[in-house]
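# Structural description and commentary
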Amino acid sequence: MGPLNGESNTEKAEAFADHTNGVTLRVKEATSLPVEADSISPDLFVDRTNSEIKNLPLFCGRRKVNVGDLFIVEGETADKIIIKGDVKNYKKIGQNMTRGRITVAGDVGMHLGAYMQGGEIIVHGDVHDWAGAHMQGGIIRIKGNGGHFAGAGYPGEKRGANRGAILIEGNAGNETGTRMRRGLIVVTGDTGEFTGANLIAGSIFVFGRLGERAGAGNKRGSIVAMGDTAPLLPTYHYQCRFQSVCLRVYLRCIRSWGLPVSDDQMDGSFRRFSGDITALGKGEILIHD
Amino acid sequence: MQINTVEIEDTFAEAFKMWGSRLIITAVSEKWAITTARAATGFGTSIIGCGCEAGIGRTLPADETPDGRPGVEVLFFTTSKKAVEPLLLARVGQCIMTSPTSACFNGLVSEREVKVGGKLRYFGDGFQSSKLVDGRRLWRIPVMDGEFVIEENFGMQKSVGGGNFLVLAENQQAALEACENAVSAMQEVPGIIMPFPGGIVRSGSKTSSKYKGMTVSTNTAYCPTIRRQVKSALPEGVNSVMEIVIDGLSEKAISEAMRMGIEAACIPGVVSISAGNYGGTLGPYHFHLTRIMA
């Protein structure tokens, strides 16, 4: 799956040019084993020397290894991390991070930025499931497609993301933003089924097609469909057609992140459907006319 | 000191500590943003009788407002920090929320905040909802034309009230023209207001009265019609005086505004520029005219 908004090599080069003072991790050899990579975090790199970073532990399958076993490490004591190479099987990169920036030149595995509280993660590729699960701050920018459960809460947990933003410049999978308490998810492509299921109060913007059964169990959350939508659940009731000032604030914010928001979308009217009446019923789905 | 043959008197304006807030009002058009701002800042000329001093600052183009609509900045000043919250609750609740298409955002980042939207939200009768967008907590209150959006908290900070200068002119027309020029120039300075009608005061006051129960009365020293009956401060040839009062979020803003205003007021027909003070005994801020214009 490639990104919807293709980036030129020049753009990629510019994106990496200002990270020359960070720590660069180059994958030595691709592995088919899953790697638990929660040690790759700006908080853990910022005070460590090159050799200390190399000695940080990772789990490759069931084997405990060090960062230096899997990566060529360049740089030290920085909260900017650049990852180059195939990290599709690397999970939990940036988990719990509170500061700095991680830039990945390629696809990334599951749980990217889970529980993160601050800082920025930029992925120039696709991301697997559970990106930004339970995040509490910061921003994740995915230039390709997102997987399932972006910004969601893990099974058994009452709440998903609580603040922060996830920007997916491609398509997103199923159950995007499930049980979000606060925070913002923007998908410039399409979303799968059950987008914003059991939303508590977060906001999800979908610029492509909003998938089936969106907002099932929504309490107070907002789902905004800027493009096409699948038929809504019968537990949503049409209220009115109006111009929302609050959405303008959101859309200006989204535009400031470099995502394409047209003047027509900014000035447009929205049809408001409230629901889900099987839950609290104070949530909404807003559909751009 | 003289500017364009207008004498700048070697005196100073005496100003006081106040607490200030800056609100950004937006609406569907500049016309409605200004209409809302006028309503919100009405009857806010002097702390003596109005409980606050309020005014309209700059008009803001759409790309400078949080919601991308035309906006206006309004500033409110009052003497006690405890008075800020009830002041804003009343003004926003009665004049901004009621105005068609309006929205209201905090325009002053400060550690000290008062809860305004966080209290007005109860007008939503349980149907209000909040959103945290780009660091701003907004309340959406359903109203008859759609929804009213207001920020939860508004910043307030120590400010300066009562900066002023007096335009002493040969006649009323010259005084008015000079003051209009000054107000027009001063409107470009961010963070200040001139709370009186059109920015100009024609009834300056002194802090005493012959009548019991009156704390202020007309500034007899500058009234030309009684110049021979009182100890007048008017030079020969002066037949009309008008004053410009300035409140600002900082001393620097007031100094800059006074500099621009005095420069613009020095036109033919104006004899001298003076300032109001109480001998330096009451207000901690002193704006010396000759130093400002140096």
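Structural data are supplied above this passage.
The sections below set out a description of the structure shown in this document. (Residues numbered from 1 in each chain as written. Chains lettered and ligands numbered in written order. Predicted model: local features only at pLDDT ≥ 70, side-chain atom pairs only at ≥ 80, totals over all residues. Heavy atoms only, no water.)

### Some remarks on the interface of chain A and chain B
Between chain A and chain B, the contact holds 19 residues from the first and 20 residues from the second. A buried area of about 1600 Å², summed over both sides, lies between chain A and chain B, and 57% of it is on carbon and sulfur atoms. Ranking the residues of chain A by area buried against chain B places V245(A), V249(A) and R252(A) at the top, with a combined share of 35%. Summed over the shared surface of chain A and chain B, the result is one salt bridge. Among the salt bridges present, the one from E284(A) reaches R140(B), with a minimum N-O distance of 2.6 Å. Connecting chain A to chain B are 11 residue pairs in polar contact (both at pLDDT 80 or more). The dominant element in the side of chain A that touches chain B, judged by the number of residues it contributes, is helix 5 (residues 245-256) of chain A, at seven residues. (Contact = heavy atoms within 4.5 Å. Buried area = accessible area lost by both parts, 1.4 Å probe. Salt bridge = Lys/Arg side-chain N within 4 Å of Asp/Glu carboxyl O. Polar contact = N/O pair within 3.5 Å; in protein donor to acceptor, adjacent residues only side chain to side chain. Helix = DSSP H or I, 4+ residues; strand = E, 2+ residues; numbered from the N terminus.)

### Thoughts on the packing of helix 1 (residues 30-41) of chain B against helix 3 (residues 84-96) of chain B
Residue and element names in this part refer to chain B. The interhelical angle for the contact between helix 1 and helix 3, taken along N-to-C directions, is 135°, at an axis separation of 9 Å. Here helix 1 is positioned oblique relative to helix 3, judged by the angle of their axes. Considering only the axes of helix 1 and helix 3, their crossing is right-handed. For the pair formed by helix 1 and helix 3, the contact residues are T36, A39, A40 and T41 on the first element and R91, C95 and I96 on the second. The residue makeup of the contact of helix 1 with helix 3, split by class, is four nonpolar, two polar and one charged. (Axes fitted to C-alpha atoms, helices over the stretch in contact; angles between N-to-C directions. Parallel < 35°, antiparallel > 145°, perpendicular 65-115°, else oblique. Left-handed = near helix turned anticlockwise from the far one by under 90°. Nonpolar A, V, L, I, M, F, W, Y, C, P; charged D, E, K, R; others polar.)

### Focus on the packing of aromatic side chains
Summed over the entire model, instances satisfying the criterion amount to seven aromatic pairs over all chains. Among the aromatic residues, ring-to-ring pairing joins Y115(A), W130(A), F149(A) and Y154(A) into one connected group. Across from the ring centre of F127(B), 5.9 Å away, lies the NZ or CZ of K282(A), which sits over that ring. (Phe/Tyr/Trp six-rings, centres within 6.5 Å; stacked < 30°, edge-to-face > 60°. Lys NZ or Arg CZ within 6 Å of the ring centre and 35° of its normal.)

### Section: the nonpolar core
Of all hydrophobic cores here, the largest spans 56 residues; its most connected members are L25(A), F71(A), I83(A) and I93(A). Excluding anything up to four places from it in sequence, I83(A) contacts L25(A), I40(A), F71(A), I93(A), I102(A), T103(A), V104(A) and A105(A). F165(B), I192(B), I200(B) and I246(B) belong to the second largest nonpolar core, which has 39 residues in total. (Core = buried A, V, L, I, M, F, W, Y, C linked by side-chain atoms within 4.5 Å. Buried < 20%, exposed > 50% of the residue type's maximum accessible area, 1.4 Å probe, protein only.)

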